[in-house]
Each structure stands twice: as structure tokens, then as C-alpha cells.
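Per-entry structural report
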Amino acid sequence: MDTVKSKTSCTDYYSQKCEQILRDSGAKVTKPRLAVIKLLSTATDCLSPREILEEINLTSRKKSTQVIDQVSVYRILDAFLKLGLVHQVFPTGGYIACTHLNCKAGLHILIHCTECHNTEEIDIPGDIFSPLKWYIEQHKSFVPKNHLFQIDGTCMHCRKHDEIN
Ligand SMILES: [Zn+2]
Ligand SMILES: [Zn+2]
Ligand SMILES: [Zn+2]
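Please read all numbers here as calculations on a predicted model, not as lab measurements. (Residues numbered from 1 in each chain as written. Chains lettered and ligands numbered in written order. Predicted model: local features only at pLDDT ≥ 70, side-chain atom pairs only at ≥ 80, totals over all residues.)

1. Focus on the nonpolar core
- The biggest cluster of nonpolar side chains holds 25 residues, and the ones touching the most others in it are Val36, Leu40, Val86, Tyr95 and Ile96.
- Secondary-structure elements contributing two or more residues to this core are α1 (8-24), α2 (31-42), α3 (49-63), α4 (70-83), β1 (86-89) and β2 (94-97).
- For Tyr95, the contacting residues outside a window of four places in its chain are Leu40, Cys46, Leu47, Leu77, Val86 and Gln88. (Core = buried A, V, L, I, M, F, W, Y, C linked by C-beta atoms within 7 Å. Buried ≥ 20, exposed ≤ 12 C-beta atoms within 10 Å, placed from the backbone. Helix = DSSP H or I, 4+ residues; strand = E, 2+ residues; numbered from the N terminus. Contact = placed C-beta atoms within 7 Å.)

2. Details of the pairing of β2
- The two faces of β2 match: Gly94 and Ile96 on one face and Tyr95 and Ala97 on the other face are all buried.
- Where β1 lies against β2, 4 bridges are found, and the strand directions are antiparallel. Across the sheet, the residue bridging to Val86 is Ala97, located in β2.
- Linkage of β1 to β2, two consecutive antiparallel strands, is achieved through a turn of 4 residues, within which Gly93 is found at a positive phi near 80 degrees. (Pairing = 2+ DSSP bridges.)

3. Some words on the domain arrangement of the protein
- By domain assignment, the protein separates into domain 1 (1-99) and domain 2 (103-165).
- Every contact between the two is made by 11 residues of domain 1 and, on the other side, 9 residues of domain 2.
- Partitioning the side of domain 1 that touches domain 2 into residue classes produces 6 nonpolar, 3 polar and 2 charged. (Domains from an automatic or database assignment. Nonpolar A, V, L, I, M, F, W, Y, C, P; charged D, E, K, R; others polar.)

4. With respect to the packing of α3 against α4
- Between α3 and α4, whose axes approach to 9 Å, the crossing angle comes to 115 degrees. The two elements α3 and α4 meet at a crossing, and its hand is right-handed. The segment α3 lies against α4, with Pro49, Ile52 and Leu53 engaging Gln70, Val73, Tyr74 and Leu77.
- Here the contact of α3 with α4 is built from residues that sort into 6 nonpolar, 1 polar and no charged. (Axes fitted to C-alpha atoms, helices over the stretch in contact; angles between N-to-C directions. Left-handed = near helix turned anticlockwise from the far one by under 90°.)

5. Re the packing of α2 against α3
- With their axes 10 Å apart at the nearest point, α2 and α3 run at an angle of 110 degrees to one another. When the axes of α2 and α3 are compared, the pair comes out roughly perpendicular. Judged by residue contacts, Ala35, Val36 and Leu39 of α2 engage Ile52, Glu55 and Ile56 from α3.
- Among the residues making up the contact of α2 with α3, the classes are represented as 5 nonpolar, no polar and 1 charged. (Parallel < 35°, antiparallel > 145°, perpendicular 65-115°, else oblique.)

6. Overview of the sheet that holds strand β3 (residues 107-113)
- Strand order across the open sheet formed by 3 strands is β4-β3-β5, with mixed pairing between neighbours. Of all strands in the sheet, those bounded by a partner on one side alone are β4 (119-124) and β5 (148-153). Ignoring strand direction, the axes of neighbouring strands in this sheet form an average angle of 30 degrees.
- Bridge count for β3 against β5 is 6 bridges, and the pairing is parallel. Across the sheet, residue Leu110 finds its bridge partner in β5, namely Gln150.

7. Structural notes on unusual backbone geometry
- The omega torsion across Phe90 and Pro91 is 10 degrees, close enough to zero to call that bond cis.
- For Pro91, the position within the fold is in the loop between β1 and β2.
- Phi angles above zero are rare outside glycine, and His117 is one such case at about 65 degrees.
- Here His117 shows up in the loop between β3 and β4.
- In the Ramachandran plot, Ser141 falls in the positive-phi region, its phi being about 50 degrees despite a non-glycine side chain.

8. Focus: the environment of Ser72
- Take Ser72: it is sitting in helix α4.
- Residues Ser72 and Ile128, 56 residues apart in the sequence, show an inter-C-alpha distance of 40 Å.

Here's what the structure looks like:
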């Protein structure tokens, strides 16, 4: 599986931006929060709250620092979700780092491969999204606000794999 992506270069940037957003929102930048940020910034797949807990505590035990509990992980993820630092991918409910923290695009879509679960966050240009927004407003008198949704499908890699077999 080619999960090796050039994500490491964004790692530092993501951590710094998260810290800044936390501070700006008045939230404390605690050690467990930083640990979750660091883990998600280097992860190539979505991580469940359980996996996040285990990974962080594995590191803590190695360094003989304090371990955290599952409830703390849920609280951290909940806070991060509200601030837009992370996104949740369905149906697994795993978490991924937002890769567009500095992005001004109006709409983002998570494209999720149902076979390898690879998930990528992409921008949708305004002129493509506008007709959809207009349609929803006209037909349902509903104003879309939270511009992030998920589209399931199969990635290029998994499709090639199917064709060979
Ligand atoms: Zn995002
Ligand atoms: Zn973007
Ligand atoms: Zn795939």
C-alpha cells in the first residue's frame, strides 16, 4: 500500500497552526493536546480514539511520562473537531488532521476510498459549488453553512488493483 506521502513537510506547520488556533480560541495548549496534534500530523491513515490513546501512551511509557485516559482523548478530539483542526471520516469514525488550516476555499470535500480507506481533503472551487448551494437554498430554503462533506468511492490505486486481478 502506498501510504508514504510527502506529509512530513507539513507536520511542523500543522503543529504550529494548531497551537495558534488553540491559543486564539482561549484554549490551553496542554501536553496531551500537543501529543494528539503531533500524532495526527504524522499519521498517514485515519486514527480511532482507541488507536490515538494507545499510540500516545506507548510514547509516554517509553519516556516515563504521565499516561492519559480514553475520556481525555475523546474530550481533546471533541474540542479539536469544533475548532476544525481535525475531521472525522465515516463509517469508521476515525480522525484525520485538517490539511487546509490556512485555506480560504469555501468548500472542502473529504474523498474517502471505501477499499483502502485512504482519505484526502480537497478544495472545491466556488463556481462549482455555487450551483449546488443555490439549489439547496431554492428547493429547501436551507442555507448550507458547514462546508465540509465526504464522498465515498474508489481511489486510482484500488481501481488499478481491481483491473489486474
Ligand atoms: Zn480541513
Ligand atoms: Zn483548502
Ligand atoms: Zn483505495
